[in-house]
Amino acid sequence: MLALIDGDVVAYKCAAATERTFYSVDGVEFRYKREANEWCLDNGLTTVNEKGKTIPDPDAITSFRVREDDSHLYHNLKMMMERILTDTGSDDSRTFLTGEGNYRYELAVTQPYKGNRKGKPPPTNLQDARSYLLSKYDAEIVDGAEADDALGFVQSSSTDTC
């Protein structure tokens, strides 16, 4: 059995799992934004929104990301890839990663394709995750479409895939 793997999902999940976002207000650090918001309210760093409600001043809160040692990323990637093979009962795999260009951007006319992700940066080590999949699992770059499109193309022409 041949497992077809969307490497974009694997890379993103593993990269995101090895990175944490922290928040800071006036030099005080918080693990969660909720805590930073509460601190702002307790310390008078507020503003009034359009409904007249007092809210934490969003300009008072800064965020920063901290990533774990890359060995955690590589371990997560290896474990996830092995788990996919085990769970599917596969003895081989093909992994796909989205490359350059994507026809969906041209088709999206009412709203920008993936427009909901604007202003949300990807994990800082996403490229490292992609590089690992390319070197260790011979991932294939799909240009002009996305990795999940390649899964469909291959699966439609094969009967021994999952």
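Note that the coordinates shown come from a computational prediction; the quantities given were computed from them, not determined experimentally.

Here we take up the overall build of the protein. A tally of regular secondary structure across the protein gives six helices and eight strands. Its helices and strands in sequence order give the protein the pattern β-α-β-β-α-β-β-β-α-β-α-α-β-α, from N to C terminus. A buried classification covers 30% of the 162 residues belonging to the protein. Element-wise, carbon and sulfur atoms account for 49% of the exposed surface of the protein, whose accessible area totals about 10,400 Å².

This part takes up unusual backbone geometry. Within the chain, D26 stands out as a residue other than glycine whose phi angle is a positive 50°. Looking at the secondary structure, you find D26 in the loop between β2 (19-25) and β3 (28-30). Overall, D26 belongs to the exposed group, its relative accessible area being 61%. In the Ramachandran plot, D138 falls in the positive-phi region, its phi being about 50° despite a non-glycine side chain.

This part takes up the packing of aromatic side chains. If you walk through the whole model with that rule in mind, you get four aromatic pairs. A ring pair is formed by F22 and F64, whose centres lie 5.8 Å apart and whose planes are at 20°; its orientation type is stacked. With F22 in strand β2 and F64 in strand β6 (residues 62-67), this residue pair connects regions lying 42 residues apart in the sequence. On the basis of relative accessibility, which here comes to 22%, the residue F22 falls in the partly exposed class. Ring geometry for Y74 versus Y132: centroids 5.1 Å apart, planes at 15°, classification stacked. One end of the pair, Y74, is in helix α3 (residues 70-88); the other, Y132, is in helix α5 (residues 126-137), with 58 residues separating them in the sequence.

A separate point is the pattern of salt bridges. All chains considered together, the criterion is met by eight salt bridges. Among the ionic pairs, E68 bridges to R20, the shortest N-O distance being 3.8 Å. With a gap of 48 residues between them, E68 in the loop between β6 and α3 and R20 in strand β2 connect regions that are remote in the sequence. What makes R20 partly exposed here is its relative accessible area of 32%. Between K78 and E82 there is a salt bridge, and its shortest N-O distance comes to 4.0 Å. With K78 and E82 both in helix α3 and four residues apart, this pair spans about one turn of that helix. For K78, a relative accessible area of 37% puts it in the partly exposed group. The network of salt bridges with shared partners includes R67, D70 and D128.

Attention shifts here to the nonpolar core. With 15 residues, the main nonpolar core has V10, L73, L77, A129 and L133 as its most contacted residues. Taken together, the elements giving at least two residues each to this core come down to β1 (2-6), α1 (7-17), α3 and α5. With residues up to four places along the chain from it excluded, the contact list for L73 reads C14, A15, T18, N125, D128 and A129. Formed by nine residues, the second largest nonpolar core is a distinct cluster that contains L2, V142, A150 and L151.

For the rest of this paragraph, the subject is the sheet that holds β2. Taken in spatial order, the three strands make up an open sheet running β3-β2-β6, and their pairing is antiparallel. Every other strand in the sheet has two partners, leaving β3 and β6 as the edge strands with one partner each. Ignoring strand direction, the axes of neighbouring strands in this sheet form an average angle of 35°. Across the sheet, helix α2 (residues 33-42) touches β2 and β3, and the angle it forms with β2 is around 5°.

Rules behind the numbers
- Residues numbered from 1 in each chain as written.
- Predicted model: local features only at pLDDT ≥ 70, side-chain atom pairs only at ≥ 80, totals over all residues.
- Heavy atoms only, no water.
- Helix = DSSP H or I, 4+ residues; strand = E, 2+ residues; numbered from the N terminus.
- Buried < 20%, exposed > 50% of the residue type's maximum accessible area, 1.4 Å probe, protein only.
- Areas by Shrake-Rupley, 256 points an atom, 1.4 Å probe, with all protein chains shown as cover.
- Phe/Tyr/Trp six-rings, centres within 6.5 Å; stacked < 30°, edge-to-face > 60°.
- Salt bridge = Lys/Arg side-chain N within 4 Å of Asp/Glu carboxyl O.
- Core = buried A, V, L, I, M, F, W, Y, C linked by side-chain atoms within 4.5 Å.
- Contact = heavy atoms within 4.5 Å.
- Pairing = 2+ DSSP bridges.
- Axes fitted to C-alpha atoms, helices over the stretch in contact; angles between N-to-C directions.

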